[in-house]
Amino acid sequence: MIEKANVRYPPLFTEVSALQPDTTISVSGTVYDIRSAREFTTRKGAQSWVRNAEFRDESGTIHLVLWGG
């Protein structure tokens, strides 16, 4: 049987300064710079887009590269 519990679990966020390669994490912060999307041709000849952005929390900043779309 499943019953409702009055327990709240706050989300667990990883600080930017603690990020590690090849992990799945959740972050909380601000995207404070989004650059214009640039169109490019993939190796397979298809048109796609790339956009760069900067994400910041209290511990540091990371550079984001957003592909496609």
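Details of the structure are given in the entry above.
1. Observations concerning the overall build of the chain
Move 1: Along its length, the chain carries 0 helices and 4 strands.
Move 2: Scanning the chain from its N terminus toward the C terminus, one meets helices and strands in the order β-β-β-β.
Move 3: Scaling as 2.2 N^0.38, a compact globule of 69 residues should have a C-alpha radius of gyration of about 11 Å, whereas the chain reaches 18 Å, well beyond that.
Move 4: Overall, the chain is about 55 × 35 × 20 Å in size when its C-alpha atoms are taken along their principal axes.
Move 5: Within the span of the chain, comprising 69 residues, buried residues form 12% of the whole.

2. Considerations on the environment of Ile-2
Move 1: Relative to the helices and strands, Ile-2 is located in the segment before β1 (30-34).
Move 2: The exposure class assigned to Ile-2 is exposed, which follows from its relative accessible area of 85%.
Move 3: Separated by 21 residues in sequence, Ile-2 and Thr-23 have C-alpha atoms that sit 32 Å apart.

3. A short note on the packing of aromatic side chains
Move 1: Inspection of the entire model under this criterion finds 1 aromatic pair.
Move 2: Relative to Trp-67, the ring of Phe-40 has its centre 5.6 Å away and its plane inclined at 80°; by these criteria the two rings are edge-to-face. With Phe-40 in strand β2 (residues 38-41) and Trp-67 in strand β4 (residues 60-67), this pair connects stretches of sequence that are 27 residues apart.

4. Quick word on the pairing of strand β3 (residues 47-57)
Move 1: Across 4 bridges, the pairing between β1 and β3 is antiparallel. By the bridge assignment, Asp-33 is partnered in β3 with Glu-54.
Move 2: Between β2 and β3, which pair antiparallel and follow one another directly, the connecting turn spans 5 residues, one of which, Gly-45, has a positive phi of 90°.
Move 3: Pairing between β3 and β4: 8 bridges, direction antiparallel. Across the sheet, Arg-56 pairs through a bridge with Thr-61, a residue of β4.
Move 4: Two successive antiparallel strands, β3 and β4, enclose a turn made up of 2 residues.

Conventions adopted
- Along each chain, residues carry numbers from 1 onward, in the same order as the chain's sequence is written.
- The model is predicted, so local features are restricted to residues of pLDDT at least 70 and side-chain atom pairs to those at 80 or more, both for listing and for counting; the totals for chains, interfaces and linings are taken over all residues.
- Each side-chain value is derived from all of the structure's non-hydrogen atoms; neither hydrogens nor water enter the calculation.
- Strands are runs of DSSP state E lasting at least 2 residues, helices are runs of H or I lasting at least 4, and numbering of each runs from the N terminus.
- With the radius of gyration taken over C-alpha atoms, the globule rule is written as 2.2 Å times the number of residues to the power 0.38.
- The rule is simple: take the accessible area with a 1.4 Å probe, protein chains only, and divide by the maximum for that residue type; under 20% is buried, over 50% is exposed, in between is partly exposed.
- Centres within 6.5 Å are what make two rings of Phe, Tyr or Trp a pair, Trp counting through its six-membered ring; a difference in plane orientation under 30 degrees is then read as stacked, over 60 as edge-to-face, and the rest as tilted.
- Whether two strands pair comes down to DSSP finding at least two bridges between them.

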